[in-house]
There are 2 protein chains.
Amino acid sequence: MAKARKFVYSFSAGKAEGRASMRELLGGKGAGLHEMTRIGVPVPPGFTITTEVCTHYYKRRRQYPKGLERDVMKALSRVEKIIGRRFGDPLNPLLVSVRSGARESMPGMMDTVLNLGLNDRTVQGLAAQMQNPRAAYDCYRRFVQMYGDVVLGLKPREKEERDPFEVILERKKKARRARFDTELGADDLKELVAEFKAEIKAKLGKEFPEEPEEQLWGAIGAVFGSWNNDRAIAYRQLYHIPHNWGTAVNVQTMVFGNMGERCATGVAFTRNPGNGEKRFYGEFLVNAQGEDVVAGVRTPRPIAELKEIMPGSYRKLEQTCGILEKHYKEMQDTEFTIENDRLWLLQTRAGKRTGFAAVRIAVDMVEERIISKEQALLRIEPDQLNQLLRPIFDQADKDRAAKEGRILARGLPAGPGAAAGRIVFHAEDAEAWKKRGERVILCRVETSPDDIRGMDAAQGILTARGGMTSHAALVARQMGKICVAGCEAVNIDYAGRKMHIDGSVLKEGDWLSVDGTTGEVIKGELKTLPSEVLQVLIGRTLEPQTSRVYRQFSRLMKWADRVRKIGIRTNTDQPDQARVAMAFGAEGIGLCRTEHMFFEGKRIDAVREMILAEDEAGRRRALKKLLPMQKEDFKGILEIMGSLPVTIRTLDPPLHEFLPKTEAEIVELARIMSIPIETLKNKVDVLHEFNPMLGHRGCRLAISYPEITEMQAQAIFEAACELRLEGKNPFPEVMIPLVSSRQELHAQREIVERAARDAMKRYGVRVRYLIGTMIELPRACLVADEIAQEAEFFSFGTNDLTQTCLGLSRDDAGKFLPSYVLHGILPEDPFVSIDRDGVGALMRLGVQKGRKVRRDLEIGICGEHGGDPKSVAFCHEIGLDYVSCSAYRVPIAKLAAAQAALRS
Amino acid sequence: MAKARKFVYSFSAGKAEGRASMRELLGGKGAGLHEMTRIGVPVPPGFTITTEVCTHYYKRRRQYPKGLERDVMKALSRVEKIIGRRFGDPLNPLLVSVRSGARESMPGMMDTVLNLGLNDRTVQGLAAQMQNPRAAYDCYRRFVQMYGDVVLGLKPREKEERDPFEVILERKKKARRARFDTELGADDLKELVAEFKAEIKAKLGKEFPEEPEEQLWGAIGAVFGSWNNDRAIAYRQLYHIPHNWGTAVNVQTMVFGNMGERCATGVAFTRNPGNGEKRFYGEFLVNAQGEDVVAGVRTPRPIAELKEIMPGSYRKLEQTCGILEKHYKEMQDTEFTIENDRLWLLQTRAGKRTGFAAVRIAVDMVEERIISKEQALLRIEPDQLNQLLRPIFDQADKDRAAKEGRILARGLPAGPGAAAGRIVFHAEDAEAWKKRGERVILCRVETSPDDIRGMDAAQGILTARGGMTSHAALVARQMGKICVAGCEAVNIDYAGRKMHIDGSVLKEGDWLSVDGTTGEVIKGELKTLPSEVLQVLIGRTLEPQTSRVYRQFSRLMKWADRVRKIGIRTNTDQPDQARVAMAFGAEGIGLCRTEHMFFEGKRIDAVREMILAEDEAGRRRALKKLLPMQKEDFKGILEIMGSLPVTIRTLDPPLHEFLPKTEAEIVELARIMSIPIETLKNKVDVLHEFNPMLGHRGCRLAISYPEITEMQAQAIFEAACELRLEGKNPFPEVMIPLVSSRQELHAQREIVERAARDAMKRYGVRVRYLIGTMIELPRACLVADEIAQEAEFFSFGTNDLTQTCLGLSRDDAGKFLPSYVLHGILPEDPFVSIDRDGVGALMRLGVQKGRKVRRDLEIGICGEHGGDPKSVAFCHEIGLDYVSCSAYRVPIAKLAAAQAALRS
């Protein structure tokens, strides 16, 4: 048999059997209680039943391990001795709270029972102890209600039904003409207790347990049981918390914040969790128990007011919290109760904070010499930096909208930030309205490459369909656009130029606000505030020295740059985005798509002329028109990036993406191009593909029509040569997409090399350049050794590699992928974070095979994953040279890269 | 410097420097000439310039290696000595032929020059030698014409232009009122020579070279040069012959079949290459040179007639060929010339033969104790067995059609065999017409699963779009249906119930014949003959003892069964196909799709009801209707297969495949189902996918709707239990498709196991069964070790694995894949033969990882590749337990498996 384990850990009066490092065994709350006790913080004595008991409980069909009962009773009598009260003693009863406490905080998901140990006899002892019968009966009423709900299970049976206890309470308050619970007297509360018990009897057919020991075991069982309630399971799935961790149970002497005006209860933060300011922060209620602060029945008061009411307790609290922050070297979030001017701490933990607060606290703590720069870098979730870069809604304005019921729906937070504008439904309208000075929100069922300019013109984008990696979301992130995607409540009627959202009808021109950080869609115009960091870096409308946010942000970035081992590039084909990325310190462009350029202005006409050409000569004529435009594009972007590498991908999407889809558009285009409608329709038909993702695209197009690569390479090298003549030092890296064999790359390489030689000869200059390939197909990874013979660099296209490795269409997976992640079939959305076991295994293989053949092979990643912190860590791990991400994720990638370096 | 190599190998009068095994160095023709000389067969003396010279020639910018000239002249003078004539001697000139000869025969692709060494002086010596001035001038005329074309390059400049030499020749024949060349006299021929030379001078501006040595080097250069002419390159690409092999050049004393009536030239086979009969076979022309036999100007005579005309030479020829067959232990295809009653052999090689002949010759040779059974198995291309199983057109009937211009077009030979029937354009029509006793050819732009029953009802299928692995081709092969796919000349007008093919208009009801072996589409009704093997095995209309073809086929199969190491199963869900496969000796079903069953009869209504159901309860109601039908299906197929394993795959295709697509069909279905048209349209819209191949299908559907798997598993196990009660011993293997993670399989496994337990409990019997998965995604291969923990078997779905590994849609790749294969970017169509470097590497990984976890893991393949000989060899190599293929490919797979075992 297994060696006898210790199931129960006691803490009391400066002595504790546990400590902070025993979080796995005692849970977060338990470890905190033990540690606080250990360092002399006033904590009501009690004990913790370990998470191992929970694990045992579930493994053995809800049986407790042998000896648990004895250990709990021993621990309880130790508490009785210290407190000098006895559990169940009618004269001097000990009351306890029974609370859950998992390794990771799961706020509100599991159960708690307070005031346990009360019955019709002990309540009188409590009244005597308290010298306050009303307070005693208030505790009793709360206990019966909580126990009846949590342990006995008297809950509303239907969604619409009201809580049966609340119904009785309301009735009583009405009868007594009381607005608040506090206005009910001891007798009222006593009656309520009797009525609650009667209701339990009536509804459940069982008596309320009067025996405190029975109550205790009931509560312990309920807390363990709540580990597997639906809410808790769903929460763990959402936050990737393993189901086998289990919760601990904390049994602790009750202290009372509800014994009168010298009592209070509240929460306190050592710093402001909203903005990070180093100022004691929190809120409290006088004469209340903890649950009242959360429930929102009464509005809590700011902690500063406590100073005036109970200056002694306030001083003690502030001091204690200071001790805790210094001890943990981290901003603390505490729960406290003041019982007749005596302060008790009931919980301490690292406080959750906004991105703003995270940066400020980390940098401040370095300056205060509490933590090192490395620790500071590890303290911030990289994604939180987003908040420092996005415009935000004025919170007061938003609260008002919520109150007025104007928050209509919630979609996916696809492009963080806040935007307000007038509704338009078509990309062209977005452009036209913008021209006349309107701010617009572009609302579409979904977006396509055709909509790019309209998306660019819009303040924000709202789509009814598509996931976090849909076209809209992808482009939005790349553009740094605010976007709410896949908001299924939205029902667009293009013809009627209106949409329905959950009963509301919104017409073209109506004001709408979208919050891409939360996914909320709000009727009307909310006020937005721009990000300070951007005002300094990009807008130059704010001086660095006047923005603390900027100063702290840039210090953090400097620390990250010093630590990280992996380079950061950006994905962009727009000069203004390239400038943003440069401002953020990007070290090159990792993916410059050339097809977006094809949609600008008159270019699409030439592109279409090329597609519709009947032979190579016709295609060449059309390509000749595109050449000078592409050359100017490349010149622009190469110039901005100075001598940094610019990875330019040759044409990738299937040709049908450039042709119109609807009947009307086809008719119009046929007219413009002076060709028969049937001819055009036929071409559209011929180009139609069943699975365009796996179709005639990437280098396959260029193998069929080498003249396209020829033109693009010519444009790149003429641009580079002209810059060279101007004394610049451009560094293009030409990247061939969708390569699956050495032969493909070889054929394309020859074309590009010829173009480079020709241009350099004509201009009489030399230009640095590399030729390489996207690695975005499983086969490319499997034959990477062969491909590396033709490639000077690899860039993992993890979007497509994920699609092919998992056989999962990004555009279609929205229907089932969320439930896959929810049910743990996949640990995470593989389009958000690299699937290490599948896609990651292919990447490792690709790196290993590629470097075997070419030791100095430059390897990066240009998929969307390049901006995902976990994926950045993986890229660091497998030894990539750089990650490339959208401009606005460069800071995030930098921080993630620094963290990866620190952790490895 | 490299060691001096031998560039020239001589052969003459029983002595040869080369031999049969030196094929790589001397080419096929050269090796044959040397070997024949060596064993005493009369071969005109000569020498071979090696393939290495050719390789050198191309590596060094068309320079010959040092010393070649000297070696050639030495070899030439050795010939002069033996023959007793001198090259360029005006009195007694030696004439030579200069011929190409690559390692693999490339018939007609490269150049040849005959009668070389003639000029205005030597022709007179030749006339004296021959004692026949006309014959001498005939040679001269031929030489100038051939040399002018091949070496000097006087060819028609445009496609439409006629050969300039032929124009002059025709003019001369007209002037002399001659029908055949043979009617022209010596003087006429002399004039022609002069006119040819003048034409060369006029068109090319150069003199015809009179100097024999100059002629010789010109011809050698031309032969080497012809290795890289467009035709030869295209041919090598088509037949996967490496471009760096090079050709040899054979220079050989001319012998003359055109010196008069005691002269002849022809080809002879040791056995009949058409049917394999052991009878001397061939054809010849009297007073002719070899080119005349091929050119088809005069019709050659059957070899038997030679016996009457030149009995001595005939005897000698038959005897010589007998010696060659015995020597090579293989049917020989020879070229011979008789010069004044003296026989000369000019070539010998293994003869090409039909499938029928291949089987007969191999089996006969075993009986004749010429070769072993193992050698016999290796002699037959597995694919050739196809010919023994398919109905064929009556050849005379087809020749007539060709003459009448009724062969309208050629598509892809997607389903071998011959079919004739009346044209219909809709699957329903095919069914209806069949019911009234008509034979029909179903003509579609492309086919879909909806068309299955119509395809089954048709004699043959013709599609305008789609490749060798399109839906039509796939189903056709599985059904053993005759099919011509992707015939782009076909232009269907569904509304007008007619189609245009290359100018002809064919209406519904017109007769059409399609040859799925050649891809030909023929107007009218051709007569078909059924395959004897099938008449014996399936039709039971022929007794085994009366069919030699059947007897030899079945002997071969027995030998194959004894040798092969890998099992053979079949892919089918139809009882009649299962019976065919059983007749062919299949050892189980490797893939029984369950969705085809969904289309039969009224089932589709229940399927659609399930799809359109709004909740689980609704789906369950519809599934309940399907249950008894699926159960009957499974019972049928399990019963036929006895105790052999039947791998049943749960539902795989995306649900939208079961819904109508066109407006009209939607309206009709909405009426049938009594639901609003908009609701149905909406559902169709919601289910639409951008990349259905990568969408909501396979086990993803079953994860979303577990009740589908529940119903299918229930049907399987109730069927099995009922058979068990009848004393049978069914063996279902339940296969979950599109698995990419252990968790998916785990979830599905639980459902299947529960259904199995429930059924067995209810029926009170035990049933053998396995639960396993398709391995058809790269990720599944990468995490095969994890998946194997839940799987008792793996079955590689190489169709989808190829699509995902290469990022290549089978349905869309037709646009570029052929050119990929043609240009050597991919060695072969990866949908036909497993891509070893990519897909194969994943398979190896999957096998290795799977067996690491579960040593007795059963592993097979059920993709289309299971019937491809090269892929079968690969499966043998990586240690699979079985391959599974369509019923009609079972014999092919067996032979391929035997060959793989013999070769390893």
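Now for a look at the structure at hand.

Rules behind the numbers
- Residues take numbers from 1 onward in each chain, read along the sequence in its written order.
- Just so you know, chain letters begin at A and ligand numbers begin at 1, following the order they were written in.
- With pLDDT at 70 or above as the cut-off, local features in this predicted model cover only qualifying residues; side-chain atom pairs require 80 or more to be listed or tallied, and sums for whole chains, interfaces and linings still use all residues.
- The basis for every side-chain value is the complete set of non-hydrogen atoms in the structure, without hydrogens or water.
- Secondary structure follows DSSP: runs of H or I at least 4 residues long count as helices, runs of E at least 2 residues long count as strands, and numbering of each begins at the N terminus.
- All radius of gyration figures rest on C-alpha atoms, and the globule criterion is 2.2 Å times the number of residues raised to 0.38.
- Exposure classes here rest on a 1.4 Å probe applied to the protein chains alone. A residue is buried below 20% of its type maximum, exposed above 50%, and partly exposed in between.
- To be clear on the numbers: accessible area is Shrake-Rupley with a 1.4 Å probe, and residue cover counts the displayed protein chains and nothing else.
- In summary, the charge assignment counts Lys and Arg as positive and Asp and Glu as negative, without counting His or the chain termini.
- Where a charge lies is defined by one atom per residue type, namely NZ (Lys), CZ (Arg), CG (Asp) and CD (Glu).
- When DSSP finds two or more bridges between two strands, those strands count as paired.
- The axes used here are C-alpha line fits, helices contributing only the stretch in contact, and every angle between their N-to-C directions lies in the interval 0 to 180 degrees.
- Contact definition: two residues touch when any of their heavy atoms are within 4.5 Å.
- By buried area we mean how much accessible surface two parts lose on assembly, using a 1.4 Å probe and totalling the loss over both.
- For this analysis, a salt bridge means a side-chain nitrogen from Lys or Arg found within 4 Å of a carboxyl oxygen belonging to Asp or Glu.
- Polar contacts, as used here, are pairs of N or O atoms within 3.5 Å; protein pairs need one atom able to donate a hydrogen and one able to accept it. Residues neighboring in sequence count only if both atoms are side-chain atoms.
- Here the copies are matched by least squares. The fit uses the C-alpha atoms of residues with pLDDT of at least 70 in both.
- The cut-offs work like this: below 35 degrees is roughly parallel, past 145 is roughly antiparallel, 65 to 115 is roughly perpendicular, and the gaps in between are oblique.
- In this scheme the handedness of a crossing depends on how the near helix is turned from the far one: anticlockwise by less than a right angle means left-handed, clockwise means right-handed.
- Polarity classes work like this: nonpolar for Ala, Val, Leu, Ile, Met, Phe, Trp, Tyr, Cys and Pro, charged for Asp, Glu, Lys and Arg, and polar for all others, with Gly in that last group.
- A residue counts toward a patch only above 30% relative accessible area and without a salt bridge, and it is joined to like-charged neighbours within 9 Å or, for Val, Leu, Ile, Met, Phe, Trp and Tyr, to nonpolar neighbours within 5 Å.
- We define the nonpolar core as a collection of buried residues of types Ala, Val, Leu, Ile, Met, Phe, Trp, Tyr and Cys that are connected through side-chain atoms lying within 4.5 Å of one another.
- Ring pairs shown here join Phe, Tyr and Trp side chains whose ring centres sit within 6.5 Å, with only the six-membered ring taken for Trp; geometry is labelled stacked below 30 degrees between planes, edge-to-face above 60, and tilted in between.
- Working rule: Lys NZ or Arg CZ, within 6 Å of ring centre, within 35 degrees of ring normal, means a charge sits over the ring.

Quick look at the overall build of chain A
(1) Moving on: When you go through chain A residue by residue, the secondary structure sums to 36 helices and 32 strands.
(2) Moving on: In terms of overall size, chain A behaves like a compact globule, its C-alpha atoms giving a radius of gyration of 33 Å where 904 residues would be expected to give roughly 29 Å.
(3) Moving on: Taken over the C-alpha atoms alone, chain A extends approximately 105 × 60 × 55 Å along its principal axes.
(4) Moving on: Looking at chain A as a whole, 59% of its 904 residues are labelled buried.
(5) Moving on: About 36,700 Å² of surface is accessible on chain A, with carbon and sulfur atoms providing 49% of the total.
(6) Moving on: Between the mean site of the 135 positive side-chain charges and the mean site of the 124 negative ones, chain A shows a separation of 5 Å.

Thoughts on the sheet that holds strand S19 (residues 490-493) of chain A
All names here are of chain A.
(1) Moving on: If you walk across this open sheet you meet the three strands as S19-S20-S21, and the pairing is antiparallel. Lying at the two open borders of the sheet, with one neighbouring strand each, are S19 and strand S21 (504-507). If you compare each strand with its neighbour and ignore which way they point, the axes differ by 20 degrees on average.
(2) Moving on: Both S19 and strand S20 (residues 498-501) contribute to a ladder of four bridges, which runs antiparallel. Note that in S20 the partner of Asn491 across the bridge is His500.

Thoughts on the interface of chain B and chain A
(1) Moving on: Taken together, the 46 residues of chain B in the interface contact 46 residues of chain A.
(2) Moving on: A combined buried area of about 4,100 Å² lies between chain B and chain A, and 56% of that area is made up of carbon and sulfur atoms.
(3) Moving on: It is Phe690, Leu694 and Arg779 of chain B that lose the most area in chain B upon contact with chain A, and together they represent 16% of the buried surface on that side.
(4) Moving on: Residues Asp835 of chain B and Arg779 of chain A are paired through a salt bridge, measuring 2.6 Å at the closest nitrogen-oxygen approach.
(5) Moving on: Our count for the chain B to chain A interface comes out at 25 residue pairs in polar contact (both at pLDDT 80 or more).

A word on unusual backbone geometry
The bulk of non-glycine residues show a negative phi, and the bulk of peptide bonds are trans.
(1) Moving on: For Arg62 of chain A, which is not glycine, the phi torsion reads 60 degrees and is therefore positive.
(2) Moving on: In this structure, Arg62 of chain A sits in the loop between helix H2 (51-59) and helix H3 (68-83).
(3) Moving on: With phi around 60 degrees, Arg369 of chain B is a residue other than glycine that occupies positive phi space.
(4) Moving on: For Arg369 of chain B, the position within the fold is in the loop between helix H13 (355-367) and helix H14 (373-379).
(5) Moving on: We classify Arg369 of chain B as exposed; its relative accessible area is 77%.

Description of helix H32 (residues 798-806) of chain A
The periodicity of an α-helix, 3.6 residues per turn, causes residues three or four places apart in sequence to face the same way.
Residues and elements named next belong to chain A.
(1) Moving on: Across the nine residues that make up H32, a large majority, nine, are buried.
(2) Moving on: Along H32, the residues that are buried comprise Thr798, Asn799, Asp800, Leu801, Thr802, Gln803, Thr804, Cys805 and Leu806.
(3) Moving on: Two residues or fewer after H32 comes Gly807, characterised by a positive phi angle close to 60 degrees.

A few points about the relation of the copies chain B and chain A
(1) Moving on: You can overlay chain B on chain A at an RMSD of 0.2 Å; the transform is a turn of 180 degrees with a shift of 0.0 Å along its axis. When the rotation and shift are considered jointly, the pair of chain copies conforms to a two-fold rotation axis.
(2) Moving on: Mapped onto chain A, 98% of the interface residues of chain B again fall at the interface, so both copies present the same surface.

With respect to the packing of helix H5 (residues 133-150) of chain B against helix H8 (residues 212-226) of chain B
Residues and elements named next belong to chain B.
(1) Moving on: It is the contact of H5 with H8, at a shortest axis distance of 10 Å, that shows an interaxial angle of 50 degrees. By the angle between their axes, H5 is oblique relative to H8. Once H5 is placed against H8, the crossing between them reads as left-handed. On the side of H5, the interface is formed by Phe143, Tyr147 and Val150, while H8 contributes Glu214, Gln215, Gly218, Ala219 and Ala222.
(2) Moving on: Taken together, the residues of the contact of H5 with H8 sort by class into five nonpolar, two polar and one charged.

A closer look at helix H4 (residues 122-130) of chain A
Residue and element names in this part refer to chain A.
(1) Moving on: Looking at H4, one finds that the buried residues are Thr122, Val123, Gly125, Leu126, Ala127 and Met130.
(2) Moving on: Along its buried surface, H4 packs onto helix H5 (133-150).
(3) Moving on: Downstream of H4 by a residue or two, Gln131 has a phi angle that is positive, lying close to 55 degrees.

A closer look at the pairing of strand S6 (residues 96-102) of chain B
All names here are of chain B.
(1) Moving on: In terms of burial, S6 is largely enclosed, as seven of its seven residues are buried.
(2) Moving on: What you see with S6 is no split at all: Val96, Val98, Ser100 and Ala102 on one side and Ser97, Arg99 and Gly101 on the other are buried throughout.
(3) Moving on: Pairing analysis gives three bridges linking S6 to strand S7 (residues 112-116), with the strands arranged antiparallel. Bridged to Arg99 within S7 is Thr112.
(4) Moving on: When S6 meets strand S8 (residues 247-253), the two strands line up antiparallel, connected through seven bridges. Opposite Val96, over in S8, you have Thr253 as the bridge partner.

Observations concerning a negative patch on the surface
(1) Moving on: Judged by side-chain charge, Glu69, Glu211, Glu213 and Glu214 of chain A come together as a negatively charged surface patch.
(2) Moving on: Here Glu69 of chain A shows up in helix H3.

A short note on the sheet that holds strand S1 (residues 8-12) of chain A
All names here are of chain A.
(1) Moving on: Ordered by their spatial adjacency, six strands build an open sheet running S2-S1-S3-S6-S4-S5, and the pairing between neighbours is antiparallel. Two strands in the sheet have a free side with no partner beyond their single neighbour: strand S2 (15-16) and strand S5 (112-116).
(2) Moving on: Note: strand S3 (residues 46-49) against strand S6 (residues 247-253), four bridges, orientation antiparallel. Bridge pairing in S6 links Gly46 to Gln252.

Things to note about the environment of Pro413 of chain A
Residue and element names in this part refer to chain A.
(1) Moving on: For Pro413, the location among the structural elements is in strand S14 (residues 412-415).
(2) Moving on: Among the residues examined, Pro413 registers a relative accessible area of 30% and is labelled partly exposed.
(3) Moving on: Taking C-alpha positions, Pro413 is 49 Å from Arg134, a pair spaced 279 residues apart along the chain.

What to know about the nonpolar core
(1) Moving on: By size, the foremost hydrophobic cluster in this structure holds 286 residues, and its most contacted members are Met843 of chain A together with Met843 of chain B.
(2) Moving on: Those residues within four positions of Met843 of chain A in sequence are excluded, and the remaining contacts are Phe796, Thr798, Leu801, Ile834, Ile861, Phe874, Cys875, Ile878 and Leu880 of chain A.

Comments concerning the pattern of salt bridges
Residues and elements named next belong to chain A.
(1) Moving on: This model, assessed by the stated rule, comprises 142 salt bridges over all chains.
(2) Moving on: For Glu195, the salt bridge goes to Lys172, with nearest N and O atoms at 2.8 Å. In this pair, Glu195 sits in helix H7 (residues 186-204) while Lys172 sits in helix H6 (residues 164-175), placing the two residues 23 residues apart along the sequence.
(3) Moving on: A single network of salt bridges, built from pairs that share partners, joins Lys631, Lys635, Glu639, Glu718, Glu722, Glu726, Lys728 and Arg762.

Some points on the environment of Ile82 of chain B
Residue and element names in this part refer to chain B.
(1) Moving on: Along the chain, Ile82 falls in helix H3 (residues 68-83).
(2) Moving on: Overall, Ile82 belongs to the partly exposed group, its relative accessible area being 41%.
(3) Moving on: Contact partners of Ile82, with chain neighbours within four places excluded, come to Ser12 and Pro45.

Digging into the side chain of Lys197 of chain B
Residues and elements named next belong to chain B.
(1) Moving on: Following the sequence through the fold, Lys197 ends up in helix H7 (residues 186-204).
(2) Moving on: A relative accessible area of 14% means that Lys197 is categorised as buried.
(3) Moving on: Ignoring any residue separated from it by four or fewer positions in sequence, one finds Lys197 in contact with Asp120, Tyr140, Val144, Phe208 and Glu210.

Examining the packing of aromatic side chains
(1) Moving on: Applying the stated criterion across every chain, the model contains 36 aromatic pairs over all chains.
(2) Moving on: Geometrically, the ring pair formed by Phe598 of chain B and Phe658 of chain B is tilted, given 5.8 Å between the ring centres and 45 degrees between the ring planes. Of this pair, Phe598 of chain B sits in the loop between strand S28 (589-593) and helix H22 (603-612) while Phe658 of chain B sits in the loop between strand S29 (645-649) and helix H24 (663-673); the two residues are 60 residues apart in sequence, bridging distant segments of the chain.
(3) Moving on: Its relative accessible area of 1% is what places Phe598 of chain B among the buried residues.
(4) Moving on: Chaining the aromatic ring pairs together yields one cluster made of Tyr57, Tyr58, Tyr64, Trp217 and Phe224 of chain A.
(5) Moving on: Residue placement shows Lys6 of chain A over the ring face of Tyr9 of chain A; its charged tip is 5.0 Å from the ring centre.
(6) Moving on: Arg569 of chain B extends its terminal NZ or CZ atom over the ring of Tyr882 of chain B, reaching a point 3.8 Å from the ring centre.

Structural notes on the pairing of strand S27 (residues 645-649) of chain A
Residue and element names in this part refer to chain A.
(1) Moving on: Of all five residues in S27, five are buried; the element is thus mostly enclosed.
(2) Moving on: Alternating positions in S27 separate into two faces, Pro645, Thr647 and Arg649 on one and Val646 and Ile648 on the other, with burial throughout.
(3) Moving on: Pairing analysis gives five bridges linking S27 to strand S28 (residues 731-736), with the strands arranged parallel. Paired with Arg649 across the strands is Met735, a residue of S28.

Keep in mind that these numbers describe shape and distance, not what the molecule does.
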